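Structure assessment
One letter stands for each residue in the lines below.
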Amino acid sequence: MYRLWVFLFGEGWLATLATFITATTAILIVGPLMMMLFTWIERRGIAYMQDRKGPNRVGPGGVLQPFADLLKFIFKEEIVPDKSTRFVYFLAPIIAVTSAMMTLIVYPFGPRVTLPYFGQVELVIARFDIALLYVLAVTSIGVYGIALAGWASNSKYSLMGGLRSSAQMISYELSLGLSLVGVILMSGTLDLYEIVEQQSGWYGFKWNIFPQFIGFVVYLTSAIAETNRVPFDLPEAETELVAGFHTEYSALKFALFFMAEYINMFTVSVLATTLFLGGWNVPGLALLFAPGSIPFAVFSVIGFFVKVFFFLFLYIWLRGTLPRFRFDQLMAFGWKFLLPVALLNVVLTATLVWLGVL
Amino acid sequence: MTILIFLLLAALTIGCAVAMVAQRNPLYSAIALIGVFLGMAGIYVTLAAPFIAAIQVIVYAGAIMVLVVFVIMLLNVEEEVRRPIRLRRLVPLGVLLAAIFFAEAAFIIYFVETSAYNPPPATQSNVGLTASVGTGLFTKYLLPFEITSLLILMAIVGAITLARRVSTLEGGRTRLRATEETRSQTSAD
């Protein structure tokens, strides 16, 4: 029995298993928790901008409102359309939420730190050579959640909604990918941890946002379109349509789509922080604490989350401010403006890197 | 651990491949094919070729299969009806070809196992790393790479030329002529 165990898991399987379980638990807790916290912040923020109060009854200031919503979602009636393709109908929300959560493991959220018992630890769940490509690959799988949901419901509104949203996501994925090429060219690696480390020093002036400003703007725009948010929220368009691809979804299955959208917003913000805003680097922190010490790490992690929440706040801000695009405007903007600008940025960066300027 | 992961991924890949052929609903086949690509990407990772794995998922599962799923959704392809097998005579030929294929695979494995050449273990090769793929593509294999990209460019230009709409004025005139013709025909009748 033991030999079979060793054959299957190899020597040192306990460490592997422990790492695996830790990573999985971390994702399964951090992802939904962030999403819940953010829905509350968003509702309160939007309410503040629109001069109302927002949910403030459940818990102190309404913090527990998302948990009440979750309970509500669980106890809602489960409705499955009669002629739906059942297997695909249930598969679609699972694909959406899985692909949203899978990217969470690669982001470095803190610097190297020397802990009392463990020795030197890098504050990242999984570090590997192609982290950035992994993020793009998993994101591109997420389109299936939406496309299949629209198709499997066997309703024409869902189908049109699914086609609309997947067309939007495919179109903006191109400029999203191209806007990252500038950063890759400059840092010469796809390892997110190393990209962050290269941005440390110079009191924050080594952040990629300065040399890659065009890339940053293109990334931000296409990221908002990728996550289907205002002003690109055509898939949902709550003031015009019934709903998009999730018209026929109810109860917890709808909640899964909702969760996938918010986790996607979170990961997109984390990626923006990691690539353009220097990740966990806080300007001038090395003057106060020695790098590698515990307070240094704590403040770095706090700095990282402050940056992420800045981007999340940007989402709320935009939602409170901007009107929605029309679908033809959306497509024309993506293909005729954003994509050429992203390509121009690639050419420009490549030339400058070749000349040795950057 | 590696062997367990390999077994899981291999089971996923083979199961999805069989399902892809056996399903009668074309969309189920497409989903199964995506499963095959994902399983193979996982196997590439265990063979220390993470770059190839990522490209496999981005290009095949993320781009090409999305197009396939789109086409199936838009055309609303019906479930295939079970038909009597045509070309029954070719069944023995298929069996024969499958047998030859298996024999070849077995021979290659036997040859590799018994040969004197000792390749480095798969988990230590650097074939699939980003740096080695990049340097190989842009130095040693530059010409084939450029020719391939030229071919793809030609395909794109060709597709656009074929699908391009005639300019509105011209199209309108043709349509007008067509309606006039039908009208004259009906009046003649």
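Nothing here was measured: the structure is a model prediction, and the numbers come from that model. (Residues numbered from 1 in each chain as written. Chains lettered and ligands numbered in written order. Predicted model: local features only at pLDDT ≥ 70, side-chain atom pairs only at ≥ 80, totals over all residues.)

**Overview of the overall build of chain B**
Convention followed: Put simply, DSSP H or I for four residues or longer makes a helix, DSSP E for two residues or longer makes a strand, and each gets a number counted from the N terminus. Any residue with 12 or fewer other C-beta atoms within 10 Å of its own C-beta is exposed, any with 20 or more is buried, and the rest are partly exposed; the C-beta atoms used are placed from the backbone. The contact criterion used is a C-beta to C-beta distance within 7 Å, with each C-beta placed from the backbone.
The helix and strand tally for chain B stands at 7 helices and 0 strands. Going residue by residue from the N terminus, the α and β elements of chain B occur as α-α-α-α-α-α-α. Burial statistics for chain B: of 189 residues in total, 17% are counted as buried. Restricting the contact set of chain B to residue pairs at least 6 apart, pairs at least 24 apart contribute 59%.

**Here we look at the overall build of chain A**
Formally: Only the C-alpha atoms count toward the radius of gyration. The rule for a globule is 2.2 Å times the residue count to the power 0.38.
Counting secondary structure elements, chain A contains 12 helices and 2 strands. Ordered by position from N to C terminus, the α and β elements of chain A give α-α-α-α-β-β-α-α-α-α-α-α-α-α. In summary, chain A has a C-alpha radius of gyration of 22 Å against a globular reference of 21 Å for 358 residues, a match within 12%. Principal-axis analysis of the C-alpha atoms gives chain A an extent of 60 × 60 × 45 Å. Counting across all 358 residues of chain A, residues that qualify as buried make up 42%. Looking at chain A alone, contacts between residues at least 24 apart form 78% of all its contacts between residues at least 6 apart.

**Regarding the packing of helix H9 (residues 251-276) of chain A against helix H11 (residues 294-321) of chain A**
All names here are of chain A. So the rule is basically this: Axis definition: a line fitted to C-alpha atoms, over the contacting stretch in the case of helices. Angles run 0 to 180 degrees between N-to-C directions. Under this scheme an angle from 65 to 115 degrees is roughly perpendicular, one under 35 degrees roughly parallel, and one over 145 degrees roughly antiparallel; angles in between are oblique. Helix crossings are classified by the rotation of the near helix relative to the far one: an anticlockwise turn of less than a right angle makes the crossing left-handed, while a clockwise turn makes it right-handed.
Packing of H9 against H11 leaves a shortest axis separation of 9 Å and a crossing angle of 125°. It follows that H9 is oblique to H11 by the angle criterion. For the pair H9 and H11, the sense of crossing is right-handed. Taking contact as the criterion, the partners of Met265, Ser269, Val270, Ala272 and Thr273 in H9 are, on H11, Phe304, Lys307, Val308, Phe311, Leu312 and Tyr315.

**Details of H9(A)**
Residues lying three or four places apart along an α-helix face the same way, a consequence of the helix completing one turn every 3.6 residues. Residue and element names in this part refer to chain A. The criterion, for reference: How far a helix is expected to stretch is found by multiplying one less than its residue total by 1.5 Å.
With 26 residues, H9 should reach 38 Å at 1.5 Å per residue; the first-to-last C-alpha distance of 38 Å fits that figure. The buried fraction of H9 is high, at 21 of 26 residues. Just downstream of H9 lies Gly278, where phi reads positive at about 75°.

**Thoughts on the nonpolar core**
Condition: Joined through C-beta atoms within 7 Å, a set of buried Ala, Val, Leu, Ile, Met, Phe, Trp, Tyr and Cys residues constitutes a nonpolar core.
Counting 109 residues, the largest nonpolar core has Ala54(B) and Val57(B) as the members making the most contacts within it. No other element matches helix H5 (residues 131-152) of chain A, which puts 17 residues into this core. Setting aside residues no more than four positions away along its own chain, Val57(B) makes contact with Ala137(A), Ile141(A), Phe37(B), Leu38(B), Ala41(B) and Gly62(B).

**Quick notes on the confidence of the model for chain B**
For any part of a model where pLDDT is low, the fine detail of the predicted coordinates should not be relied upon. All names here are of chain B. Rules: The pLDDT value expresses, per residue, how confident the predictor is, ranging between 0 and 100.
In the predicted model, chain B carries a mean pLDDT of 81, and 76% of its residues have values of at least 70. No element of chain B has a lower mean pLDDT than helix H7 (residues 168-188), which averages 56, and none a higher one than helix H6 (residues 142-163), which averages 92. The ipTM assigned to the predicted complex is 0.83, against a pTM of 0.83.

**Observations regarding the interface of chain B and chain A**
Where we set the bar: Lys, Arg, Asp and Glu make up the charged group, whereas Ala, Val, Leu, Ile, Met, Phe, Trp, Tyr, Cys and Pro make up the nonpolar group; the residues left over, Gly among them, are polar.
Taken together, the contacts link 17 residues of chain B with 23 residues of chain A. Listing elements by their share of the side of chain B that touches chain A, those giving two or more residues are helix H1 (2-22) and helix H3 (50-75) of chain B. Class assignment for the residues of the side of chain B that touches chain A results in 14 nonpolar, 3 polar and no charged.

**Some words on the environment of Val57(B)**
Looking at the secondary structure, you find Val57(B) in helix H3. For the pair Val57(B) and Ile5(B), spaced 52 residues apart in sequence, the C-alpha to C-alpha distance is 18 Å.

**Some remarks on the packing of H5(A) against H3(B)**
Contact pair H5(A) / H3(B): the axes reach a minimum separation of 8 Å and the direction vectors enclose 15°. Relative to H3(B), the element H5(A) lies roughly parallel. Every pair of crossing elements has a handedness; the one defined by H5(A) and H3(B) is left-handed. Where H5(A) abuts H3(B), its residues Leu133(A), Tyr134(A), Leu136(A), Ala137(A), Ser140(A), Ile141(A), Val143(A), Ala147(A) and Trp151(A) lie against Ala54(B), Val57(B), Ile58(B), Ala61(B), Gly62(B), Val66(B), Val69(B) and Met73(B). Looking at the contact of H5(A) with H3(B), its residues break down into 15 nonpolar, 2 polar and no charged.

**Focus: the environment of Ile52(B)**
Here Ile52(B) shows up in helix H3. Along the primary structure Ile52(B) and Ala41(B) are separated by 11 residues, whereas in three dimensions their C-alpha atoms are 7.6 Å apart.

**Observations concerning unusual backbone geometry**
With the exception of glycine, most residues fall at negative phi, and the peptide bonds are largely trans. Residue and element names in this part refer to chain A. Omega for the peptide link from Val230 to Pro231 comes to 0°, which places this bond in the cis form. Phi at Asn154 is positive, roughly 55°, even though this residue is not glycine. In this fold, Asn154 is placed in the loop between H5 and helix H6 (156-187). Look at Asn154 and you get partly exposed, because 15 C-beta atoms sit within 10 Å. In this structure, Asn228 takes a positive phi of about 60° despite not being glycine. Among the residues examined, Asn228 registers 22 C-beta atoms within 10 Å and is labelled buried.

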